[in-house]
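Here's the letter readout for the chains.
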Amino acid sequence: MLAPTLRLLGALICQLGSVGLANAQTPEPVSVSAANATALSETDFLTEMPLVLSVSRLPQRLDETPGAVTIIDRDMIRLSGARDVADLLRLVPGFQTSTSFETGAPLASYHGSFDAYSARMQVLVDGRSVYSPYLFGGTATGLQSVAMADIERIEVLRGSNSAAYGARAMLGVINIVTRHTVDTLGRQAAVTTGENGIRDAQASIGWGQDGATFRLGLDRRGDDGLSGSNGHNLINRVNLRADLRASARDEVGLRAGGLTIDSGEGYVGKPDNPPHDRSFGAGYAQLDWRRSLGADEDMALSLSHTQESLRNSFAYSLLSYKNQVAAYPDGGNAALIQFKNLVAGIDDSIDIDTSGRASSSTLSLQHTLRHSSALRVVLGGELRREEVVSRALYNTDAVLRTDYTRLFGNAEWRFADNALLNAGGMYENNNVRGDNFSPRLMVNWHVAQGQTLRFGVSKAYRSNSTFEQFADARYTSNGVLLKVTALASGAVQPESLLVREFGYLGDFPWLRAGLDVRVFHERIAGFVRGRKSVLPAGTTLLASAPWDYVNDEDFTIKGFEYQLKWRPWRDAQFIFNQTYTNINSIDTGTVLPAPEVASSLTYLQKLPGGVDLSLMHQDSGPVVLTGSSGSHLAMTRTDLRLALPVQFGATRGEVALVVQNLGSPYLDFDQLFRFQRRAFVTLRLEN
């Protein structure tokens, strides 16, 4: 078995860490416009250390960011064979993922899902938050916003970043950066077909010149879902991007697009969630304007709006209950006769509808300034409005509105030749639960060439979702209140998180190896959990124990994770990730702890003739998922990808064979759902 080998390798790496194996991220070119990196000197772009764009809102070298960051570049996205971002993130240390559509779309989370919607993560696409305020809030649908072919890189901050992005970033940030239009001029297309009904297609065209370039892309992703589920799915997307240079000092970016996710959910034999189809739709528009105020100073303005809608309904049968009541012998009891007549008057089945709509609008302004070679500062503010409308979930047609006001800042101070201090924070106010302040203090110490130690502390808060605050979901028939499934008391308070962490990052060229280590101690206070409440007898016709949301307990998440990269010979790379996590919650059945040990091993090889070989193995211990009947799920998965370059005149591309899960089927989200082996072929062409 490979799993024990992985664990043994992990122990050996820990011992070798003291002699200097270090993490070497693959260098990649970053254009000035793509990096939004004004107020940087030319030497910042000549370094082999990649730039990170999003952690502190200042472009920074990877070894100077205030936190542990994994960068997934365009080559790694292609070589992985992943069909969506959620599946790709399983290769990031500390992440757990699910390919199930039971909660709307595949999801990913860091250090424990905690809920089925991953509501404690922030996902950005070109700086725009794709957090969905509908229902519990979450990022699953946001991870599906753009086609994989349009992504230039993904920056994953492993740890809290509320100091830069507010309450949604309590447990981490995923920043998806799409390709600049200058790099995508011409035509590009791809088709994928294979087992499990896989049917993907993608096409884009780029045009323009002289400071005005454009890209229009269309794509679809679909398959039959997990075995044993009703998870057939089809995602359709359209995205438009324009990059304009209005003057020598001004850059303007325009983005617009939309997606639909049509999928199946539900279970056979569950009247309150039978098999049915649902449809999620979203559209967005975004304007970015950046003005250079000098060699060391710029201003940036961003305005975005996102509109969402959900159509989801099913028939809830009451016939068996009506027949049971009708069979009661009334014996002339007037009260019982009245009750039987009441039940007889309700419909045999009712339509349960959780449909509704939501929107979010954001206006942000930030000022970046290099005061000197030792000090850079970013200051800014943001206004955000989230609105949700759903009679089914809130028993009202009124708009439920949450307004956020945010002020943020970060100072990067090089107080010594080999040491850097990042100090910053965010003040955040919302009209429902008041204000809070999320600070961060982090020191990066370059102890030697290519060797960096990082240590610091941060505080974060998570504002409650609209559903946790105002839920009032009830079933009625002909004016009769049948059942209440969720009824929020409104007493829940924001969660808080205190993080202490230590990191090590370095590079040893003579070993062609590297190691990125993060040791963490994360203390969550006032964790919000759903609890069954009791309604007074006679409130509803059917017995009701609706969900309420309460601040249930305090607990810690502690452990360490690391990523080893090693290039033992030409055109080859091994990437080994491992995470040890301990969550000391008293209620592990519903808190969704992360697996105690999770490992992955990736082998990439360029073969003669330009053939690419990728082998990826993942081994994860058991984890409990909410919404899956307390199922204890573990997984072992091995993927293979072989790709051959092709060329037809001026058109070049590749044909790739991918086999996902070479081994036995594993459970995903529920004891009933299994991820079977999937083989598919992709043909990609561009000119």
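Residues numbered from 1 in each chain as written. Predicted model: local features only at pLDDT ≥ 70, side-chain atom pairs only at ≥ 80, totals over all residues. Heavy atoms only, no water.

1. A few points about the overall build of the chain
Thought 1: Along the backbone of the chain there are 10 helices and 36 strands.
Thought 2: Counting over 687 residues, the chain shows a buried share of 56%.
Thought 3: For the chain, contacts bridging at least 24 residues in sequence account for 62% of all contacts bridging at least 6. (Helix = DSSP H or I, 4+ residues; strand = E, 2+ residues; numbered from the N terminus. Buried < 20%, exposed > 50% of the residue type's maximum accessible area, 1.4 Å probe, protein only. Contact = heavy atoms within 4.5 Å.)

2. Re a nonpolar patch on the surface
Thought 1: Taken together, the side chains of Leu-254, Leu-287, Trp-289, Leu-301, Leu-303, Leu-363, Leu-365 and Leu-383 present a nonpolar region at the surface, about 640 Å² in accessible area.
Thought 2: When contributions to the nonpolar patch are tallied by element, the ones reaching two or more residues are strand S15 (276–294), strand S16 (297–317) and strand S18 (356–372).
Thought 3: Along the chain, Leu-363 turns up in strand S18. (Patch = residues over 30% accessible without salt bridge, like charges linked within 9 Å, V, L, I, M, F, W, Y side chains within 5 Å. Areas by Shrake-Rupley, 256 points an atom, 1.4 Å probe, with all protein chains shown as cover. Salt bridge = Lys/Arg side-chain N within 4 Å of Asp/Glu carboxyl O.)

3. Some thoughts on the packing of aromatic side chains
Thought 1: For the structure on display, the rule yields 17 aromatic pairs.
Thought 2: Here the aromatic rings of Tyr-562 and Phe-576 are separated by 6.2 Å at their centres, their planes lie at 45°, and the arrangement is tilted. A residue pair is termed long-range when its members are at least 10 positions apart, and Tyr-562 in strand S28 (residues 547–566) and Phe-576 in strand S29 (residues 572–583) qualify at 14 residues.
Thought 3: Seen in terms of ring centroids, Trp-569 and Phe-574 are 6.0 Å apart; in terms of plane orientation they differ by 85°. Their pairing is edge-to-face.
Thought 4: Residue Trp-569 is classed as partly exposed on the basis of its relative accessible area of 42%.
Thought 5: Look at Phe-574 and you get partly exposed, because its relative accessible area is 21%.
Thought 6: Directly above the ring of Phe-675 sits Arg-678, whose terminal nitrogen or CZ lies 4.3 Å from the centroid. (Phe/Tyr/Trp six-rings, centres within 6.5 Å; stacked < 30°, edge-to-face > 60°. Lys NZ or Arg CZ within 6 Å of the ring centre and 35° of its normal.)

4. Details of the pairing of strand S12 (residues 212–223)
Thought 1: Of the pairings in the sheet, the one linking strand S11 (residues 199–209) to S12 comprises nine bridges and is antiparallel in character. Counted as the bridge partner of Gly-206 is Arg-215 from S12.
Thought 2: Connecting S11 to the next strand, S12, in antiparallel fashion are two residues, including Asp-210 with a positive phi near 50°.
Thought 3: Relative to strand S13 (residues 233–245), S12 is paired through 12 bridges, and the arrangement is antiparallel. Its bridge partner lying in S13, Arg-221 is registered against Ile-235. (Pairing = 2+ DSSP bridges.)

5. Some details on the side chain of Asn-444
Thought 1: Considering the arrangement of structural elements, one finds Asn-444 in strand S22 (residues 434–448).
Thought 2: Note on Asn-444: relative accessible area 0%, which makes it buried.
Thought 3: Here Thr-65 takes part through its backbone oxygen, which lies 3.1 Å from a polar atom of the side chain of Asn-444.
Thought 4: Beyond its immediate sequence surroundings of up to four residues, Asn-444 is in contact with Asp-63, Glu-64, Thr-65, Asn-418, Ala-419, Leu-420, Asn-422, Thr-452, Leu-453 and Arg-454. (Polar contact = N/O pair within 3.5 Å; in protein donor to acceptor, adjacent residues only side chain to side chain.)

6. Remarks on the packing of helix H7 (residues 319–326) against helix H8 (residues 334–344)
Thought 1: It is the contact of H7 with H8, at a shortest axis distance of 10 Å, that shows an interaxial angle of 155°. As the angle between them shows, H7 and H8 are arranged roughly antiparallel. Where H7 crosses over H8, the two elements pack in a sense that is left-handed. Of the residues in H8, those in contact with Tyr-321, Lys-322, Val-325 and Ala-326 of H7 are Phe-339, Lys-340, Val-343 and Ala-344. (Axes fitted to C-alpha atoms, helices over the stretch in contact; angles between N-to-C directions. Parallel < 35°, antiparallel > 145°, perpendicular 65-115°, else oblique. Left-handed = near helix turned anticlockwise from the far one by under 90°.)

7. Quick word on the environment of Asp-548
Thought 1: Following the sequence through the fold, Asp-548 ends up in strand S28.
Thought 2: C-alpha of Asp-548 to C-alpha of Gln-469: the two residues are 79 residues apart in sequence and 9.1 Å apart in space.
Thought 3: In contact with Asp-548, other than residues within four places in its own chain, are Leu-487, Ala-488, Ser-489, Arg-529, Gly-530, Arg-531 and Ser-533.

8. Some words on empty space enclosed by the protein
Thought 1: Going through the model one piece at a time under the given rule, you end up with 15 cavities of 30 Å³ or more.
Thought 2: As a volume, the largest cavity reaches approximately 300 Å³.
Thought 3: If you trace the largest cavity, you find 24 residues lining it, with Gln-96, Thr-97, Ser-620, Val-623 and Met-635 closest to the centre.
Thought 4: The set of elements that each furnish at least two residues to the lining of the largest cavity consists of strand S4 (95–98), strand S31 (611–624), strand S32 (632–648) and strand S34 (666–668).
Thought 5: Class assignment of the residues belonging to the lining of the largest cavity gives a composition of 12 nonpolar, eight polar and four charged.
Thought 6: Of the pockets and cavities examined, the second largest cavity occupies roughly 140 Å³.
Thought 7: Along the walls of the second largest cavity sit 16 residues, with Arg-128, Val-130, Ser-145, Ala-282 and Thr-306 positioned nearest its centre.
Thought 8: Of all the elements in the fold, those that place two or more residues in the lining of the second largest cavity are strand S7 (128–129), strand S14 (250–265), S15 and S16.
Thought 9: Among the elements that make up the lining of the second largest cavity, the one with the highest residue count is S15 (three residues). (1 Å grid on protein atoms, 1.4 Å probe; cavity = no way out; pocket = protein on both sides within 12 Å on 5 of 7 lines; lining within 4 Å. Points joined across faces, edges and corners; volume = space filled by probe spheres on them. Nonpolar A, V, L, I, M, F, W, Y, C, P; charged D, E, K, R; others polar.)

9. Notes on the pattern of salt bridges
Here the idea is simple: oppositely charged side chains can pair when their charged atoms come close.
Thought 1: Across all of its chains, the model carries 54 salt bridges by this definition.
Thought 2: Between Arg-74 and Glu-152 there is a salt bridge, with the nearest N and O atoms lying 3.6 Å from each other. Of this pair, Arg-74 sits in helix H4 (residues 74–80) while Glu-152 sits in strand S8 (residues 151–158), and the two are 78 residues apart along the sequence.
Thought 3: The buried category is assigned to Glu-152, whose relative accessible area is 18%.
Thought 4: In this structure, the salt-bridge partner of Arg-83 is Asp-200, at a minimum N-O distance of 2.8 Å. Placement of Arg-83 in the loop between H4 and helix H5 (85–88) and of Asp-200 in strand S11 is noted, with a sequence separation of 117 residues between them. The burial state of Arg-83 is the same as that of Asp-200; both residues are buried.

10. Describing unusual backbone geometry
Thought 1: Of note in this structure, Asn-478 is not a glycine but carries a positive phi near 50°.
Thought 2: Structurally, Asn-478 is set in the loop between strand S24 (472–477) and strand S25 (480–487).
Thought 3: According to the relative accessible area criterion, Asn-478 is exposed, its value standing at 53%.
Thought 4: With a phi angle near 60°, Asp-571 is a residue other than glycine that sits in the positive phi range.
Thought 5: Judged by its relative accessible area of 43%, Asp-571 falls in the partly exposed class.

11. Quick notes on the nonpolar core
Thought 1: By size, the foremost hydrophobic cluster in this structure holds 41 residues, and its most contacted members are Leu-89, Phe-95, Ile-154, Ile-174 and Ile-176.
Thought 2: Once residues lying within four places of it in the same chain are set aside, the contact partners of Phe-95 are Leu-89, Ala-108, Ser-109, Tyr-110, Met-121, Val-156 and Ile-174.
Thought 3: The next biggest cluster of nonpolar side chains, apart from the first, holds 24 residues, and it includes Ala-140, Leu-393, Ala-473 and Val-528. (Core = buried A, V, L, I, M, F, W, Y, C linked by side-chain atoms within 4.5 Å.)

Fair warning: the whole summary comes from geometry, so function is off the table for now.
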